[in-house]
Structures are given as structure tokens and as C-alpha cells.
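# What the coordinates show
So the chains spell out like this:
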Amino acid sequence: MSGCLGVSSCGTGEGQITMSAAAMDAGNAATLSGSKEMSLEEPKKMTREDWRKKKELEEQRKLGNAPAEVDEEGKDINPHIPQYISSVPWYIDPSKRPTLKHQRPQPEKQKQYSSSGDWYKRGVKENSITTKYRKGACENCGAMTHKKKDCFERPRRVGAKFTGTNIAPDEHVQPQLMFDYDGKRDRWNGYNPEEHMKIVEEYAKVDLAKRTLKAQKLQEELASGKLVEQANSPKHQWGEEEPNSQTEKDHNSEDEDEDKYADDIDMPGQNFDSKRRITVRNLRIREDIAKYLRNLDPNSAYYDPKTRAMRENPYANAGKNPDEVSYAGDNFVRYTGDTISMAQTQLFAWEAYDKGSEVHLQADPTKLELLYKSFKVKKEDFKEQQKESILEKYGGQEHLDAPPAELLLAQTEDYVEYSRHGTVIKGQERAVASSKYEEDVKIHNHTHIWGSYWKEGRWGYKCCHSFFKYSYCTGEAGKETANSEECIINDTTGEESVKKPQTLMEMHQEKLKEEKKKKKKKRKHRKSSSESDDEEKKHEKLKKALNAEEARLLHVKEIMQIDERKRPYTSIYETREPTEEEMEAYRMKRQRPDDPMASFLGQ
């Protein structure tokens with residue numbers, strides 16, 4: 001065996017044995033050489049200086065002062081990722097740099113989803129007819145989409161493979177689509193935009209039919225003369241056309257038809273025509289002062305955070321004139337200047353546009369203003385004519401010449417608006433009803449008016465307790481004399497009450513009352529003595545607690561001066577619960593840094 005070098009010189013079995021032995025020797029040699037190389041390439045132990053530099057570099061990278069480490073793909077590695085995640089073990093590949101490729105999704109394991117444009121087939125191609133048998137098709141019918149064992153046709157006596165005639169078309173096989181999260185929820189996936197043109201054409205035909213029908217109606221009305229009669233009628237001229245007229249009914253029916261279109265439907269909170277869209281946005285410039293910051297008093301104007309509205313004047317109680325301040329509330333802006341006239345003009349423009357006049361506030365303001373002025377003049381003349389004709393027919397001029405209702409009934413219909421605090425916001429404040437007698441008149445050196453003092457059913461002066469109306473004020477001396485007289489009167493009444501004869505029942509009740517009073521006095525005396533003893537004990541305990549607190553503070557100060565490594569464990573803290581006196585002493589001795597007199601405590 002040792003002399004054999006090939007298969008030809010020895011038998012087949014011996015040749016295989018020699019080849020396997022040679023392969024084993026080569027493998028052993030390779031492993032030995034590899035182990036030597038691996039042992040040579042094994043990383044050396046880092047010195048202390050290298051380790052310190054490495055740690056400093058890591059800290060600088062975490063702080064953002066040094067650039068992050070880059071992996072083999074050129075992407076930055078987060079410095080906060082631990083080393084055991086980013087680094088590759090030396091026994092796998094010592095030459096490999098730190099990487100995060102193994103942490104990212106692997107492309108071979110990712111699912112392949114269908115694109116957003118892919119969709120199921122629609123319809124079958126009817127024109128494509130096969131006249132020749134194709135290799136790999138069904139031997140029975142000739143379709144390419146299935147085999148003979150899966151064929152649903154009746155088995156032919158001679159299959160299409162041999163006849164080559166009457167070959168069946170291919171089935172409508174739908175693709176197997178697999179979409180991701182967004183693809184499954186895409187409601188427009190598979191939509192054909194060309195189908196929308198059918199809807200557009202249908203609505204265009206309906207609109208054309210409406211216009212032709214409307215034009216025919218107008219021609220019929222012009223031929224009959226109805227439009228001329230309506231235009232010459234006085235009600236149409238003054239804008240007082242009946243609401244149930246035929247023209248308005250036609251207009252309403254047109255609006256109902258227009259509601260079918262999504263673009264013409266009014267948005268919630270907006271009532272306007274789609275051709276004249278006017279939107280009011282409740283926004284403010286960011287540089288403006290917020291309304292709720294103008295007056296921080298909680299009793300000032302109310303601010304509604306939902307609508308961002310402050311209807312009252314925030315400077316109402318500050319004594320400022322609304323014309324002087326930059327903001328005086330939403331109601332002030334709403335009811336001042338040309339705001340009301342502007343709103344009336346806009347309303348007139350809408351009404352005139354509905355009646356057929358081509359006017360617009362923003363497009364042609366001068367024309368609209370002239371029309372509105374002439375309309376107001378004609379309307380006033382028309383009202384005066386109506387009034388005169390009614391008075392001539394029925395009479396009653398004497399009732400119109402009567403004095404105003406304010407003088408007859410002492411009542412008015414003037415509008416006055418009050419705030420939640422009772423102050424007048426809008427309108428004239430009601431006058432205070434004055435008395436026929438003189439008020440707040442002080443005579444004879446009195447500092448209070450007559451009737452400011454009352455006692456035992458009599459009125460007097462509060463400054464001197466005098467019950468005589470036109471007396472001169474005596475001040476504090478008068479109060480003292482009045483009190484002394486009350487004491488004398490009480491003594492005399494007491495003597496008189498003793499002199500009165502009493503029954504045995506009354507005498508017994510008085511004795512019981514006196515005994516109760518004596519018992520109450522004894523109890524009060526005992527309570528006062530016990531309370532005084534308790535106070536003394538508390539005072540002594542507080543003194544002891546204050547001394548202990550001072551000693552504790554000195555002990556803490558000494559310990560804080562010692563180095564913290566040499567400081568004894570739990571030397572500052574105690575485990576027991578403090579008493580009330582100790583807590584009071586702590587509060588009294590505690591230094592507050594925000595106290596302005598803290599610097600004078602040590603003096």
C-alpha cells in the first residue's frame with residue numbers, strides 16, 4: 001500500500017484508500033496551518049494606555065465631539081450601541097471591522113410584495129384564437145393553462161394533440177397578488193380612470209338638457225308676456241315679491257338639483273353660494289398680544305377659549321376710554337365704524353343678486369353703493385305713500401300725535417345690556433331714584449348722620465350714642481356717659497327685681513341656676529389650671545428640642561467638614577420618628593435661602 005501511488009498500479013479499492021488518506025493528510029496540514037495563522041492573528045492584549053485612549057474616544061463619540069465609527073457599508077454606528085452587538089468575534093473573522101449588517105433585515109429573508117400597479121385581469125381576449133397545437137398544452141382540448149388530468153372538457157375520442165383542430169382557448173387565470181399593509185388598504189388600487197369619463201359625459205348630457213329646457217321656458221314666458229308684467233309690478237321693484245312665486249320655486253328646484261354635486265354643497269358652518277364663496281377665518285397675527293393677556297384680573301372680561309372670543313372690554317375697570325386702547329373687545333369692533341353699514345350693503349347685494357341684478361360688493365362697490373342709496377330713498381317714499389293712503393282711508397291721525405309712551409307709562413324700550421357683574425356694557429345706565437329729603441347732611445359737629453345708631457327701639461347718632469336728634473356731638477365722652485347710665489339703670493332694675501315677691505318655685509329655680517354657675521366656674525378654673533400646666537410642659541419640651549436641634553446642627557456641620565470617604569456610615573440620619581416639639585424646633589431653626597433677612601440671622 002505504501003508503494004502504490006495511483007489507481008492504475010493498484011486495485012480500485014486500494015487506490016480509493018490511498019486517495020482518502022492523502023486527502024486526510026492534506027486536510028490535517030491545512031488545519032494545522034490555519035490554526036497557526038489564527039494563533040498568529042489573535043489580537044494582542046491591549047495596554048493600559050491604549051485602553052484609556054479607547055475609552056476616551058468612546059466618551060467623546062457619545063458626547064458628539066468625535067465623529068461616529070463607520071461600518072463596512074459606510075453607515076455611521078451609534079456610539080451608544082454596546083460593543084458585544086457591533087463588534088465581530090475575533091475567532092470568526094479578526095480582520096472584520098465593527099458592523100451592524102447582521103442587525104438589519106436580510107434581503108434573502110424579506111417577503112416580495114406586489115407593486116401598487118399590479119391588479120387582477122379583467123376580461124378575456126376573445127380575438128386570439130389558436131389554430132395549431134402548442135407544445136406543453138393539454139392533450140385533450142389544447143389549452144395551455146392546464147394538463148390533461150386537470151381538463152374539465154369531455155374526453156375526446158381523438159385529442160387535440162393529434163387532430164390539431166378545435167383547440168380550446170386558454171382559461172382566465174388570475175395572478176396571485178400579495179400586497180403589503182398599504183397595498184391592502186389602497187381603495188384606488190385597480191381603478192381605471194377612463195371609466196370616470198362615462199360619468200362625466202352622463203352629467204354633461206343632463207346639464208345640457210336642463211339648459212335647453214330652461215331656455216324653452218324663458219321663450220314661452222317672453223312670448224306670453226309674463227316676464228314683462230312681473231318686471232313692471234311694484235312689488236318686484238321694491239324687492240317684495242311673494243315667496244311662493246313661480247320664479248322662486250324654479251330657483252329652489254334648481255338648487256335642489258345642484259345639491260347632487262359634491263362641489264356645490266355648502267360646507268358645515270358656511271352658508272354661501274358656490275360662485276361667491278366668502279369664508280371668515282377666526283385667526284390672528286402671531287405678533288399680536290393674546291386677548292387673555294391684556295388684563296390678568298380674573299374678574300375682568302371673560303375669554304372664551306373655544307371660540308377665542310372676548311366680547312367685553314378688558315380695560316373697562318381700568319378707567320381708559322375705548323377709543324384710546326388698541327383693543328376694546330369684540331363687541332366694540334362689531335358695533336362701531338362702518339361695520340353695520342357694510343353688513344347691510346352685503347345683505348342688499350345678496351338679495352339683489354338673487355333677484356337678477358348683476359352686482360357684487362368686491363367687484364363693483366361704487367355701483368352697489370349708488371343702488372343701495374336709491375333703494376333706501378325709494379323704499380322710504382313707498383312707505384310714506386302707504387302710510388298716507390291708509391290714514392286717508394281709515395283715519396287715526398290723532399293717535400299718532402299723542403305724547404310718547406315714556407311720558408304716559410313711565411317706561412321705555414331702550415336696549416340696555418349688562419355684564420355678568422352688573423355693569424352696563426351697552427346702552428344708557430338707569431338713573432338712581434333720589435329722595436325728597438336731604439341725604440348725607442351732618443350737623444352740629446356729628447361725624448355720622450341721624451339714624452346710624454339704633455338700640456332698644458330708639459334711633460341716634462353712632463359717633464356719640466346720643467338719642468336726641470338736634471343735639472351737639474360729644475364724641476367718646478358721650479359714649480362713656482351712655483354706658484355708665486346703662487350700668488346704673490341695670491343696678492336699679494336689679495334692686496327692684498329683688499324687692500319683688502317671688503314664689504317658692506322661682507326661688508328653687510334660682511338656687512339651681514346659681515349652683516350650676518358655681519359648678520361651671522369650678523370646671524373652668526380646673527381647665528385653665530390644667531391648660532397652664534400643659535403649656536408649661538410644652539414650653540419646657542420645646543426648649544429641650546431647640547437645644548437638641550442646635551447640637552444636631554453643630555454635629556452635622558462637623559461631619560460635613562470631614563472627607564466623605566472617612567465619614568462614618570449613616571452618621572447624619574436617625575431611624576426613629578421625630579416628635580412634635582422636634583419638628584417645631586426644626587422649623588424654627590431651618591434656614592430659608594429665599595428669606596430676605598437670612599443674612600441677619602447669625603448676627
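Scope of this entry: the structure provided in the associated data block. (Residues numbered from 1 in each chain as written. Predicted model: local features only at pLDDT ≥ 70, side-chain atom pairs only at ≥ 80, totals over all residues. Heavy atoms only, no water.)

## Details of the overall build of the chain
Under the convention used in this document: Counting from the N terminus, the helices are the DSSP runs of H or I reaching at least four residues and the strands are the DSSP runs of E reaching at least two. Burial classes: relative accessible area under 20% of the type maximum marks a residue as buried, over 50% as exposed, and values in between as partly exposed (1.4 Å probe, protein chains only). Here, residues are in contact when the closest pair of their heavy atoms is within 4.5 Å. Residue-level accessible areas treat just the shown protein chains as cover; the underlying method is Shrake-Rupley with a 1.4 Å probe.
Secondary structure assignment for the chain yields 17 helices and four strands. For the chain, with 603 residues in total, the buried portion stands at 14%. A separation threshold of at least 6 residues defines the contact pool for the chain, and within that pool the share at least 24 residues apart is 37%. Just so you have it, the chain exposes about 52000 Å², and 53% of that area is on carbon and sulfur atoms.

## A closer look at a nonpolar patch on the surface
Using the following cut-off: For patch building, the residue pool is restricted to those with more than 30% relative accessible area and no salt bridge; the joining distance is 9 Å between like charges and 5 Å between nonpolar side chains (Val, Leu, Ile, Met, Phe, Trp, Tyr). By definition, a salt bridge exists where a carboxyl oxygen of Asp or Glu is found within 4 Å of a side-chain nitrogen of Lys or Arg.
Taken together, the side chains of Ile289, Tyr292, Leu293 and Leu296 make up a nonpolar region of the molecular surface, amounting to roughly 450 Å² of accessible area. Tracing the sequence through the fold places leucine 293 in the loop between α9 (246-258) and α10 (330-334).

## A closer look at the nonpolar core
Basically, it comes down to this: Think of a nonpolar core as a cluster: buried Ala, Val, Leu, Ile, Met, Phe, Trp, Tyr and Cys residues, connected wherever their side-chain atoms sit within 4.5 Å.
By size, the foremost hydrophobic cluster in this structure holds eight residues: Phe348, Ala349, Ala352, Val359, Leu361, Leu368, Tyr372 and Phe375. Counting residues per element, the ones that place at least two in this core are α11 (339-355) and α12 (365-394). Counting residues in each nonpolar core, the second largest holds five residues, with Cys138, Cys141, Ala143 and Ala168 among its members.

## A short note on helix α16 (residues 504-561)
The condition is simple: Take the residue count of a helix, subtract one, and multiply by 1.5 Å to get its expected span.
Its 58 residues place the ends of α16 85 Å apart at the C-alpha level, agreeing with the 86 Å of an ideal helix rising 1.5 Å per residue. If you check which residues of α16 are buried, you get Ala545, Leu546, Glu549, Val556 and Ile559. Contacts from the buried residues of α16 go to α17 (580-589).

## Focus: the packing of aromatic side chains
Note the cut-off: Any two of the Phe, Tyr and Trp rings considered here, Trp counted by its six-membered ring, make a pair once their centres fall within 6.5 Å; the pair's planes then place it as stacked at under 30 degrees, edge-to-face at over 60, or tilted in between. Criterion for a charge above a ring: Lys NZ or Arg CZ within 6 Å of the ring centre, and within 35 degrees of the ring normal.
Enumeration according to the criterion identifies nine aromatic pairs in this entry. Ring plane angle 65° and centroid distance 5.3 Å describe the contact between tryptophan 119 and tyrosine 120, whose orientation is recorded as edge-to-face. Of the residues examined, tyrosine 120 reaches a relative accessible area of 37% and is grouped as partly exposed. Taken together, the ring pairs connect Trp119, Tyr120 and Phe179 into an aromatic cluster. Between the NZ or CZ atom of arginine 185 and the centre of the ring of tyrosine 181, over which it lies, the distance is 3.7 Å.

## What to know about the packing of α11 against α12
What counts is decided by this rule: Axis angles are defined between N-to-C directions and span 0 to 180 degrees, where every axis is a line fitted to C-alpha atoms and, for a helix, only to the segment in contact. Throughout this description, any angle smaller than 35 degrees is read as roughly parallel, any larger than 145 degrees as roughly antiparallel, any in the 65 to 115 degree range as roughly perpendicular, and the remainder as oblique. Classes in brief: Ala, Val, Leu, Ile, Met, Phe, Trp, Tyr, Cys and Pro nonpolar; Asp, Glu, Lys and Arg charged; the others, Gly included, polar.
Orientation of α11 relative to α12, taken along the N-to-C sense of each, is 90°, at an axis distance of 10 Å. As summarised for this structure, α11 and α12 are arranged roughly perpendicular, according to the angle between their axes. Contacts between α11 and α12 involve Gln344, Thr345, Phe348 and Ala349 from the first element and Leu368, Glu369, Leu371, Tyr372 and Phe375 from the second. Counted by class, the contact of α11 with α12 contains six nonpolar, two polar and one charged residues.

## Concerning α11
Structurally, the α-helix is built with 3.6 residues per turn, so residues lying three or four positions apart point the same way. Using the following cut-off: What the arc measures is the spread of directions leading from the helix axis to the C-beta atoms.
End to end, α11 covers 25 Å across 17 residues, agreeing with the expected 24 Å (1.5 Å per residue, within 8%). Every buried residue of α11 is accounted for by Thr345, Gln346, Phe348, Ala349 and Ala352. The arc that holds the buried residues of α11, viewed along the axis, is 160°, so those residues lie on one side. Positive backbone phi, approximately 115°, marks glycine 356, located one or two places after α11.

## Some points on unusual backbone geometry
Notably, asparagine 166 is not glycine yet its phi reads approximately 55°, a positive angle. Relative to the elements of secondary structure, asparagine 166 occurs in the loop between α4 (160-163) and α5 (181-184). Asparagine 166 sits in the exposed class, given a relative accessible area of 64%. A positive phi angle is found at histidine 444, which is not glycine, with a value near 50°. With respect to the helices and strands, histidine 444 occurs in the loop between β2 (424-426) and β3 (453-455).

## Focus: the pattern of salt bridges
This model, assessed by the stated rule, comprises 15 salt bridges. Ionic pairing is found between glutamate 139 and lysine 161, a salt bridge with its closest N-O pair at 3.6 Å. Of this pair, glutamate 139 sits in the loop between α3 (83-86) and α4 while lysine 161 sits in helix α4, placing them 22 residues apart in sequence. Look at glutamate 139 and you get partly exposed, because its relative accessible area is 32%. Residues arginine 156 and glutamate 153 are paired through a salt bridge, measuring 3.3 Å at the closest nitrogen-oxygen approach. Taking the relative accessible area as the measure of exposure, glutamate 153 reaches 35% and is therefore partly exposed. Three or more residues are tied together by salt bridges with common partners; here these are Glu49, Arg52 and Glu56.

## Considering a negative patch on the surface
Applied cut-off: Only four residue types enter the tally: Lys and Arg on the positive side, Asp and Glu on the negative side; His and the chain ends are excluded. Taken as the charge centre is NZ of Lys, CZ of Arg, CG of Asp or CD of Glu, depending on the residue.
On the surface, a cluster of negative charge is contributed by Glu531, Asp533, Asp534, Glu535, Glu536 and Glu540. Looking at the secondary structure, you find glutamate 536 in helix α16.

Just geometry here; none of it tells us what the structure is for.
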